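Descriptive analysis of the structure
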Amino acid sequence: MSEISVLLAHAEQAEAEIKRLEEEIQTLQNPQKLLAEGVVSPQLEALQSENSKLKYQINILKRSIATEKSRKPNHMISISSLVEDVFGLAIRKAFPDVDNPPVMIQGSSKFADYQCNSAMNIAKILKEKGQGANPRDIADKIIQHLPQSDYFEKVEVQGPGFINIFLNKEFVADQVGELLNRGVKPPRLGVKRRALVDFSSPNIAKEMHVGHLRSTIIGESICRLLEWVGHDVVRINHLGDWGTQFGMLIAHLKDKFPNYKVVSPPIGDLQAFYKESKARFDSDEAFKKKAYEAVVQLQSYDKDHINAWKLICDVSRKEFQKIYDRLGVSIIERGESFYQELMKDVVKLLEEKGKLELDDGRKIMFVPGCSVPMTIVKSDGGFTYDTSDMAAIRHRLFDEKADWLIYVVDAGQGSHLQQVFAAAEDLGWYNKKLTRVEHVAFGVVLGEDKKKFKTRSGDTVRLVDLLDEGISRAEQKLVEKGRDKELTKEELEAVKRAVAYGCIKYADLSHNRNHDYVFSFDKMLDDRGNTAAYLLYALTRIRSIARNSNISQEDLKQAARTTRIDLGHPKEWKLAKCILRLPEVILRCLDDLLLHTLCEYLYELSNTFTEFYDSCYCIEKDKATGAIVKVNMSRLLLCEATANVIATGFHVLGINPLEKM
């Protein structure tokens, strides 16, 4: 099937738009008709001035159609979107007098591959207009207006007016062939955006703990998703690297290591250092005074105090980086200190716009839709989180020129962030219709007792300890299964890390991020069920099928160019359709940024593959000798396509696949 056929629906839709515009031009060129309809002279002049603009639009659309029909797209087709486009075009042609007619497509119904349920809703719309119509007749009319294409084997009306849609096996086989020859590609993007993702965000002088796990894992995966589909992504780590706590840290540093300017102090445990300084701050009034003086010096950018601050930040930064390296996280540091001078600009701008009000010495700002005002300047002249977040969002919109802001922050910050977003919109900093600004919220990590995840002593679980335990548990599982006898020392090291980190990430991402989830090493390391351990094993097994057949990757590439995919067996057909659902799954993830949808799809694909492999031989061996007597190359290619899609999903989720496990 040709690429022209694949793009037919989009081209015809553009042609329909041309026809509409041409009709509008005809109206604009008929002054008498406009006057008869009550359009007065000034309106007429304004409308006629649109004439050349509309003609220009038509020329653009015509060129777009020519381009669409000639080029080979570098993306995978979302079949559900294609079905929706084709039926949407047919519905608009069949019922041109219905404004925004509903296009309701249900995927993978038990009666067909897809189902169009628009007829009943259109019948209701027509009835309200006094035009009675039977839903079955409406469904028939929709079918009559379908553009000619090779997408469907058959389309039929069932029941009160459902349209059952059956895909053409040749079309599906062609799409699997495209996937094998050109690789797994993302779906077509409507608009390429510059996305800025704010995630992780630990505090300097404090260790990363389990509370940072979700933001870090979810944020990294969202970045990978957006980058893979083609968006320009900026990864931002909004570190807590400024504030009054640095006064006590610097004061403690100067007391404990008076020669810190010439000899780098051996602060191995910054958490302990923080606790020591906090204890002194709470109990020693003289030290507290020194701490406040140090804050003033720091905020005045005194050279010695800035150097002490940098020294403390560097110790934390190195510890954070060790965690990021282990989890494969890439991120740019831009802490609260970055926005200190920018906050002054925000305050000045808000004052000039008359947005600030005095309230008991504070400068506050009321935001439409929010009952509690934002505190922009404290009574002592200091700034607040409201101020820094307003400076940050302004910088991201105007300086970074991002048109998609994503804040991966726990659900508890929801009200604060919605207030920041509303304030920025009220100030005219962005338009909702053009710029996406959203809070990607997530619940808390629970222990197996369903309470907030803590150590036995009641302390917050350190992230480094969690990762270390994951490595230990993964190794224990592998040894129990005898893998230490099958793998070299280097292979075992790679496997236990991939399994441990992959399982920790997948356990988080496979749950709806809006909910709390129970952290359980036993469940996440189980190689049965919807876990990374199961999926890693499944991918390794699929990859080994061709290897065990003595078929190289080069052989598979050559076969993909010359072998027709056979979908005669019901399990082959089911697997092929499941493979091609990746683009629609990705589009859903882009819409709501819920990555558990991708995890569920990968698990479903693995199970569908198992059904296929149990029912359809790929390699036939001599029962007596075990020698390979026949290789079904079409089925091996289905194995390869399945593996490629799972590997792509792993890339988005940040999971490292394994050759041996």
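Residues numbered from 1 in each chain as written. Predicted model: local features only at pLDDT ≥ 70, side-chain atom pairs only at ≥ 80, totals over all residues. Heavy atoms only, no water.

**Describing the overall build of the protein chain**
Helix and strand content of the protein chain: 27 helices and 16 strands. Taken across its 661 residues, the protein chain has 50% of its residues classed as buried. Sequence-distant contacts in the protein chain: of pairs separated by 6 or more residues, those separated by 24 or more amount to 74%. Taken as a whole, the protein chain presents about 32200 Å² of accessible surface, with 48% of it coming from carbon and sulfur. (Helix = DSSP H or I, 4+ residues; strand = E, 2+ residues; numbered from the N terminus. Buried < 20%, exposed > 50% of the residue type's maximum accessible area, 1.4 Å probe, protein only. Contact = heavy atoms within 4.5 Å. Areas by Shrake-Rupley, 256 points an atom, 1.4 Å probe, with all protein chains shown as cover.)

**Things to note about the sheet that holds strand β6 (residues 232-237)**
Reading across the sheet, the five strands line up as β7-β6-β5-β11-β12 and stay open at both edges, with parallel pairing between neighbours. In this open sheet, the two strands that pair with only one neighbour each are β7 (332-333) and β12 (436-440). Across the sheet, helix α17 (residues 414-426) touches β11 (404-408) and β12, and the angle it forms with β12 is around 170°. (Pairing = 2+ DSSP bridges. Axes fitted to C-alpha atoms, helices over the stretch in contact; angles between N-to-C directions.)

**Some points on the packing of aromatic side chains**
Applying the stated criterion across every chain, the model contains 14 aromatic pairs. Note on Phe 338 and Tyr 339: the rings are 5.0 Å apart at their centroids and 80° apart in plane angle, and the pair reads as edge-to-face. Overall, Tyr 339 belongs to the buried group, its relative accessible area being 0%. On the basis of an interplanar angle of 55° and a centroid distance of 5.6 Å, the ring pair of Phe 609 and Phe 612 is categorised as tilted. In this pair, Phe 609 and Phe 612 are both assigned in helix α26 (residues 596-615), three residues apart and thus about one turn of the helix distant. Accessibility assignment for this pair places Phe 609 and Phe 612 in one class, buried. An aromatic cluster of three or more residues is present, and its members are Phe 87, Tyr 151, Phe 152 and Phe 171. The ring of Trp 573 has Lys 169 sitting right over it, with the charged end atom 5.4 Å from the ring centre. Sitting over the face of the ring of Phe 338, Arg 334 holds its NZ or CZ atom 5.0 Å from the ring centroid. (Phe/Tyr/Trp six-rings, centres within 6.5 Å; stacked < 30°, edge-to-face > 60°. Lys NZ or Arg CZ within 6 Å of the ring centre and 35° of its normal.)

**Some remarks on the sheet that holds strand β2 (residues 114-116)**
Sheet strands line up and pair through hydrogen bonds in the backbone, either parallel or antiparallel. Read from one edge to the other, the open sheet built from four strands follows the order β1-β2-β4-β3, with strand pairing classed as antiparallel. With one partner strand each, in any of the chains shown, β1 (105-107) and β3 (152-158) form the two edges of the open sheet. Between one strand axis and the next, the sheet turns through 20° on average, direction left out of account. Relative to strand β4 (residues 162-167), β3 runs antiparallel, the two being bridged by six bridges. The residue of β4 that forms the bridge with Glu 156 is Asn 164. In this fold helix α8 (residues 135-144) packs onto β3 and β4, with an angle of close to 160° to the strand it touches most, β3.

**Side note on the environment of Ala 422**
Along the chain, Ala 422 falls in helix α17. Under the relative-accessibility criterion, Ala 422 is labelled partly exposed at 21%. Along the backbone, Ala 422 and Cys 370 are 52 residues apart, and their C-alpha atoms lie at a distance of 8.6 Å. If we skip the residues at most four places from it in the chain, Ala 422 touches Val 367 and Pro 368.

**Concerning the side chain of Ser 388**
Within the secondary structure, Ser 388 sits in helix α16 (residues 385-399). Exposure remark for Ser 388: the relative accessible area of 4% places this residue in the buried category. At 3.2 Å, the side chain of Ser 388 and the backbone oxygen of Tyr 385 are in polar contact. When neighbours within four sequence positions are excluded, Ser 388 is seen to be in contact with Tyr 339 and Met 343. (Polar contact = N/O pair within 3.5 Å; in protein donor to acceptor, adjacent residues only side chain to side chain.)

**So, the pattern of salt bridges**
Scanning the entire structure with this criterion turns up 46 salt bridges. Salt-bridge contacts for Glu 659 lead to Arg 547; the nearest nitrogen and oxygen are separated by 3.2 Å. In this pair, Glu 659 sits in the segment after α27 (633-653) while Arg 547 sits in helix α22 (residues 532-548), placing the two residues 112 residues apart along the sequence. If you follow the salt bridges from partner to partner, you end up with Arg 194, Asp 232, Arg 334 and Glu 400 in one network. (Salt bridge = Lys/Arg side-chain N within 4 Å of Asp/Glu carboxyl O.)

**As for unusual backbone geometry**
Of note, Tyr 301 is a non-glycine position whose phi angle comes to about 60°, a positive value. With a phi close to 60°, Lys 401 is a non-glycine residue in the positive phi region. Tracing the chain through its elements places Lys 401 in the loop between α16 and β11.

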